Amino acid sequence: MTPPPPSTAGPVTNMPTTDVTPGPAPAPAAAPAPQATPARGGLLVLVGMLLVAVNLRAAVTSLGALLDEIRDGLGLSGATAGLVTTLPTIAFAGLGALTPWLVRRWPAARVLVVAMVALTVGQVLRVVTDSTAVFVLTSALALAGIAVANILLPMLVKQHFPHRTGLVTGAYTMALTVGTTVAAASAVPIAHAFGSWRAGLGVWAGLAAVAVLPWVPLALRARGARRTATPAVTAAAPAPVRPARTRLGWAMAVYFGAQSLSGYAIMGWLAQLFRDAGYAPEAAGLLLAGVTALGVPVALMMPALAGRLPTLRPLVLSLTAFSTAAYIGLALAPHGLAPLWVLLLAFGQGAFPLILTTIGLRARTAEGTVALSAFAQSTGYVIAALGPLLVGILYEATGGWTAPIGFLLVALAVQTAAGMVIARPRHIEDER
């Protein structure tokens, strides 16, 4: 793990060397200000990141769990329901790409405040309307906040915890996984308890509102720091990092996209596969939830492993082996050994925390991290959107699961090839 260069300290500490010794004494004291932020506010930043991470999928999985009730309540057509379920990948791909532009103009903490407010407001507004159009638009507003936060978290890890990248990435990825699981599992019971799907969908707005709170003082502090920044610090901005022009950037995007494609396909279709294999709907749902639940410890351990290994090849190949075994098992014996296939799928889905960690490992600076994060995730989510769609088409056309699983194995081969490219240690800044 390479420590990030002190992008602001260099210009300030070099300036006084041409002056008389007594004069420049205050200058070094001003330079470390950005470095002092993690020391003073590191705990607040970490708490804020974990609260944001818990919210990154709750608005999505709660909607999926209540989709039938929402369709009945709002009278959504099949096409509109399809649009609603596709909105996350569209938002993550399109709006996530704007995040580097936002953080070049405003501090990341202020951007996160706006993102979490958008998530809160969007979730509130979509449960108080009876209009299909308003429901779709306010869902898009909520997802816009998630899209921006998706990109910012790896950058914040690099900026505030450069020597604990694996540990902190594992912590926020685990928080994301817990939020995903809890929202999916409890949305329907909450809706039944209150007698309306609106309660099961809208309760997560309160969680998003809580996630705003730690970032408000951090945003105010960042605003003050920017006002007092010296011209020398401001003028030292590095040249923009353009991952789209690099082999590493495209490999990261393909790996992110292929693993997300498989993840969304599993979330969308695994329960149906188990139902077709003879499981009751409740049991099929529990097996699907098991993939996410078993992924919690994987999400915590994977980044720590990635940060310690000299090359990521053992992890890339191990994850491929787990997923391959699970897919073959689902094709050949989906009923008899279902718990084993769920366990192997959970291990295979460790590719998600691995790629999030790798975003930080393959960039030296916070600027490089946010550029790589935005490109890999926005491009990757375009690829990921094809997963549930193509699996559904193949399932409908063939009436079985052999062809869909074959497609997922092809996607896994592409993922592995991209993984071998990103496994070798290097940095995106060296390829621009």
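In what follows, the structure referred to is the one given above.
Quick look at the structure, then. Computed from a predicted structure; not experimentally measured. (Residues numbered from 1 in each chain as written. Predicted model: local features only at pLDDT ≥ 70, side-chain atom pairs only at ≥ 80, totals over all residues. Heavy atoms only, no water.)

**Things to note about the packing of helix H15 (residues 247-276) against helix H21 (residues 386-398)**
Inclusion rule: Every axis corresponds to a line fitted to the C-alpha atoms, with the helix fit spanning only the stretch in contact, and the corresponding angles, defined between N-to-C directions, vary from 0 to 180 degrees. Secondary structure counts use DSSP, requiring at least four H or I residues in a row for a helix and at least two E residues in a row for a strand, with both numbered from the N terminus. Residues are treated as being in contact if the distance between any of their heavy atoms lies within 4.5 Å.
H21 packs onto H15 with a crossing angle of 35° between their chain directions and a minimal axis gap of 7 Å. In this structure, H15 uses Leu261, Tyr264, Ala265, Trp269, Gln272 and Asp276 to contact H21, whose residues at the interface are Leu386, Gly387, Pro388, Val391, Gly392 and Tyr395.

**Comments concerning the pattern of salt bridges**
Put simply, the test is: A pairing counts as a salt bridge when a side-chain nitrogen of Lys or Arg comes within 4 Å of a carboxyl oxygen of Asp or Glu. Burial status follows relative accessibility: with a 1.4 Å probe on protein chains alone, a residue under 20% of its type maximum counts as buried, one over 50% as exposed, and anything between as partly exposed.
Taken as a whole, this structure holds two salt bridges when the rule is applied. We note a salt bridge from Arg198 to Asp130, for which the minimum N-O separation is 2.6 Å. A residue pair is termed long-range when its members are at least 10 positions apart, and Arg198 in helix H11 (residues 197-202) and Asp130 in the loop between helix H8 (108-126) and helix H9 (132-160) qualify at 68 residues. Taking the relative accessible area as the measure of exposure, Arg198 reaches 22% and is therefore partly exposed. The class for Asp130 is exposed, based on a relative accessible area of 62%. The partner of Asp430 in a salt bridge is Arg364, with the nearest N and O atoms 2.5 Å apart. Of this pair, Asp430 sits in the segment after helix H22 (402-422) while Arg364 sits in the loop between helix H19 (351-361) and helix H20 (366-384); the two residues are 66 residues apart in sequence, bridging distant segments of the chain. Exposure remark for Arg364: the relative accessible area of 28% places this residue in the partly exposed category.

**Some words on H15**
Definition in use: The span one expects for a helix is its residue count, reduced by one, times 1.5 Å. The bend reported for a residue corresponds to the angle between axes fitted to the seven residues ending at that residue and the seven starting there. Pairs of N or O atoms are called polar contacts if they sit within 3.5 Å, as long as, within protein, a hydrogen donor faces a hydrogen acceptor (for residues adjacent in sequence, only side-chain-to-side-chain pairs).
Over its 30 residues, H15 extends 42 Å from the first C-alpha to the last, a length consistent with the 44 Å expected when each residue adds 1.5 Å. The largest bend along H15 measures about 45° and falls at Trp269. Among the 30 residues that make up H15, 21 are buried, leaving the element largely enclosed by the rest of the structure. At the N-terminal end of H15, a side-chain oxygen is found 2.9 Å from the backbone nitrogen of Gly249, two or three residues along, and the residue is Thr246. Remark: Gly278 follows H15 within two positions and exhibits a positive phi of approximately 115°.

**A word on the side chain of Gln377**
Structurally, Gln377 is set in helix H20. Of the polar contacts made by the side chain of Gln377, one reaches the backbone oxygen of Asn150; its length is 3.0 Å. The residues touching Gln377, leaving out its near neighbours within four places in the chain, are Asn150, Ile151, Pro154, Phe256, Leu356 and Ile359.

**Quick notes on the environment of Trp101**
Position of Trp101 among the secondary structure elements: in helix H7 (residues 99-105). By relative accessible area, which is 39% here, Trp101 ends up partly exposed. In this structure, the C-alpha to C-alpha distance between Trp101 and Ala371, residues 270 residues apart in sequence, is 9.3 Å.

**Structural notes on the side chain of Thr129**
Along the chain, the position of Thr129 falls in the loop between H8 and H9. In this structure the side chain of Thr129 is engaged in a polar contact, spanning 3.0 Å, whose partner is the backbone nitrogen of Ser131. If we skip the residues at most four places from it in the chain, Thr129 touches Leu74, Val134, Phe135 and Arg198.

**A look at the environment of Thr357**
Residue placement: Thr357 occurs in helix H19. Judged by its relative accessible area of 0%, Thr357 is buried. For the pair Thr357 and Ala304, spaced 53 residues apart in sequence, the C-alpha separation works out to 8.7 Å. Apart from residues lying up to four places away in sequence, Thr357 is in contact with Thr165, Gly166, Thr169, Pro303 and Ala306.

**So, the packing of helix H4 (residues 58-65) against helix H5 (residues 67-74)**
Short version of the rule: Working definition: roughly parallel below 35 degrees, roughly antiparallel above 145 degrees, roughly perpendicular at 65 to 115 degrees, and oblique for all remaining angles. Under the scheme applied, nonpolar residues are Ala, Val, Leu, Ile, Met, Phe, Trp, Tyr, Cys and Pro; charged residues are Asp, Glu, Lys and Arg; polar residues are all the others, including Gly.
At a minimum axis separation of 5 Å, H4 and H5 run at an interaxial angle of 75°. If you check the angle between H4 and H5, you find them roughly perpendicular. Contacts between H4 and H5 involve Leu63, Gly64 and Ala65 from the former and Leu67, Glu69 and Ile70 from the latter. Among the residues forming the contact of H4 with H5, the class breakdown is four nonpolar, one polar and one charged.

**Observations regarding a nonpolar patch on the surface**
Just so we agree on the cut-off: Surface patches are defined over residues having more than 30% relative accessible area and no salt bridge, joining like charges when they lie within 9 Å and nonpolar side chains (Val, Leu, Ile, Met, Phe, Trp, Tyr) when within 5 Å. Here the open area of atoms and residues is found with the Shrake-Rupley method and a 1.4 Å probe, where only the protein chains shown may cover a residue.
Together, Val117, Val121, Val124, Leu125, Val128 and Leu141 line one region of the surface with nonpolar side chains, adding up to about 440 Å² of accessible area. Here the nonpolar patch takes four residues from H8, the largest share from any one element. Locating Val117 in the fold gives a position in helix H8.

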